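Fold and geometry: a report
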Amino acid sequence: GQQLNQSPQSMFIQEGEDVSMNCTSSSIFNTWLWYKQDPGEGPVLLIALYKAGELTSNGRLTAQFGITRKDSFLNISASIPSDVGIYFCAGQVGGNTPLVFGKGTRLSVIA
Amino acid sequence: AAGVIQSPRHLIKEKRETATLKCYPIPRHDTVYWYQQGPGQDPQFLISFYEKMQSDKGSIPDRFSAQQFSDYHSELNMSSLELGDSALYFCASSDNKRRGRYNEQFFGPGTRLTVL
């Protein structure tokens, strides 16, 4: 089946630093999404991308839909303690099709 | 804004028992998805429904069944529970009347199922 390769697996950063994580796939997706999950909670949608090459921001978060439609990255600028959590990329083929998730990036922020 | 509601939030069952998880989508959302997330894992798709009809089927065991009702809420029925069924079960909903863009999936808080 389809798989997403997400990296890095985990990150330890100082408060105020910028963070970058990415996802790659061997197959094409028509939508890329980025979610954040806190322990024991449901994934919360951060950014959705619908067009190859699209660059979208949501506050301190910026994500891009790769031009080949096989990759996406998420940047977090000026990290703060509440950014701690697991970030998942997800790809979607069509409108109401299931999401395929990456393995997640666990972010730890040191104050 | 209203979110996806799941009940119960926690459930403890014995092996070979049955369990029913409920999901109430965001109002006016017509599609419901069920995902299973094991400890330290990413969510895995189980099954989805669009306008009360099964839409896609993923890695859902034959012991599990689900349906979407006329009010769009959905139930996941799990029988002959096994230890390996212990996981977080998430429901997500989306509005697919808006074709193409803007049909993002929004997740509920999940049901933590523990099988003893």
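Nothing here was measured: the structure is a model prediction, and the numbers come from that model.

Turning our attention to the overall build of chain A. Counting its regular elements, chain A contains 0 helices and 11 strands. Going from the N terminus to the C terminus, chain A shows its helices and strands as β-β-β-β-β-β-β-β-β-β-β. In terms of overall size, chain A behaves like a compact globule, its C-alpha atoms giving a radius of gyration of 13 Å where 111 residues would be expected to give roughly 13 Å. Seen through its principal axes, chain A has C-alpha atoms that stretch 40 × 30 × 20 Å. Within chain A, counting contacts between residues at least 6 apart in sequence, those at least 24 apart form 53% of the total. Positive and negative side-chain charges of chain A, numbering 7 and 8 respectively, have mean locations separated by a distance of 11 Å.

On to the sheet that holds strand β8 (residues 74-78) of chain B, then. Residues and elements named next belong to chain B. Taken together, the 4 strands give an open sheet; going across it, the order is β1-β3-β8-β7, and neighbouring strands pair in antiparallel fashion. The strands lining the two open edges of the sheet, one partner per strand, are β1 (5-7) and β7 (64-68). Taken over all neighbouring pairs, the strand axes of this sheet differ in orientation by 15° on average, direction set aside. One ladder, built from 5 bridges, connects strand β3 (residues 19-24) with β8; its direction is antiparallel. Opposite C23, over in β8, you have S74 as the bridge partner.

Residues and elements named next belong to chain B. According to the stated counting rule, one finds 7 salt bridges over all chains in the structure shown. Ionic pairing is found between K52 and E51, a salt bridge with its closest N-O pair at 3.9 Å. Linking R63 and E82 is a salt bridge whose minimum nitrogen-to-oxygen distance equals 3.4 Å. With R63 in the loop between β6 (53-57) and β7 and E82 in the loop between β8 and β9 (87-94), the pair connects residues that are 19 residues apart, well separated along the chain. Among the charged side chains, a salt-bridge network with shared partners connects R63, E82 and D85.

At the interface, 21 residues of chain A touch 26 residues of chain B. Our count for the contact surface shared by chain A and chain B stands at 1 salt bridge. A salt bridge links D42 of chain B to K103 of chain A; its shortest N-O distance comes to 3.2 Å. Elements with a minimum of two residues in the side of chain A that touches chain B: β4 (31-37), β5 (44-49) and β9 (85-92) of chain A. Considering every element that reaches the side of chain A that touches chain B, the biggest residue donor is β4 of chain A, with 3 residues. The residue makeup of the side of chain A that touches chain B, split by class, is 10 nonpolar, 8 polar and 3 charged.

Residues S7 of chain A and P8 of chain A are joined by a peptide bond in cis, for which omega reads -5°. Within the element layout of this structure, P8 of chain A appears in the loop between β1 (4-7) and β2 (10-14). Cis geometry is adopted by the peptide bond preceding P8 of chain B, which originates at S7 of chain B and carries an omega value of -10°. Considering the arrangement of structural elements, one finds P8 of chain B in the loop between β1 and β2 (10-13). With a phi close to 75°, R28 of chain B is a non-glycine residue in the positive phi region. When you line up the elements, R28 of chain B lands in the loop between β3 and β4 (31-37). Its identity is not glycine, yet K52 of chain B carries a phi of approximately 75°, on the positive side.

The next subject is the pairing of β6 of chain B. Taken together, the 4 bridges between strand β5 (residues 44-50) of chain B and β6 of chain B define a ladder with antiparallel strand orientation. The partner of F49 of chain B across the bridge, within β6 of chain B, is Q54 of chain B.

Time to look at the state of the cysteines. Covalent bonding between the sulfur atoms of two cysteines is what defines a disulfide. A full pass over the atoms with the stated rule returns 2 disulfides over all chains. Each sulfur in the disulfide pair C23 of chain A and C89 of chain A lies 1.6 Å from the other. A torsion of -45° about the S-S bond marks the disulfide between C23 of chain A and C89 of chain A as left-handed. Highlighted residues: C23 of chain A in strand β3 (residues 19-25) and C89 of chain A in strand β9, separated in sequence by 66 residues. Accessibility expressed as a relative area gives 0% for C89 of chain A, which makes it buried. One disulfide bridge connects C23 of chain B with C91 of chain B, the sulfur atoms lying 1.7 Å from each other. The sign of the -50° torsion about the S-S bond sets the C23 of chain B-C91 of chain B disulfide as left-handed. Of this pair, C23 of chain B sits in strand β3 while C91 of chain B is found in strand β9, placing the two residues 68 residues apart along the sequence. Take C23 of chain B and C91 of chain B: they sit in the same class, and that class is buried.

Definitions and limits used
- Residues numbered from 1 in each chain as written.
- Chains lettered and ligands numbered in written order.
- Predicted model: local features only at pLDDT ≥ 70, side-chain atom pairs only at ≥ 80, totals over all residues.
- Heavy atoms only, no water.
- Helix = DSSP H or I, 4+ residues; strand = E, 2+ residues; numbered from the N terminus.
- Rg over C-alpha atoms; globule rule 2.2 N^0.38 Å.
- Contact = heavy atoms within 4.5 Å.
- Lys, Arg positive; Asp, Glu negative; His and termini not counted.
- Charge placed at Lys NZ, Arg CZ, Asp CG, Glu CD.
- Pairing = 2+ DSSP bridges.
- Axes fitted to C-alpha atoms, helices over the stretch in contact; angles between N-to-C directions.
- Salt bridge = Lys/Arg side-chain N within 4 Å of Asp/Glu carboxyl O.
- Nonpolar A, V, L, I, M, F, W, Y, C, P; charged D, E, K, R; others polar.
- Disulfide = S-S within 2.5 Å.
- Buried < 20%, exposed > 50% of the residue type's maximum accessible area, 1.4 Å probe, protein only.

Everything listed here is a matter of geometry and, on its own, says nothing about what the molecule does.
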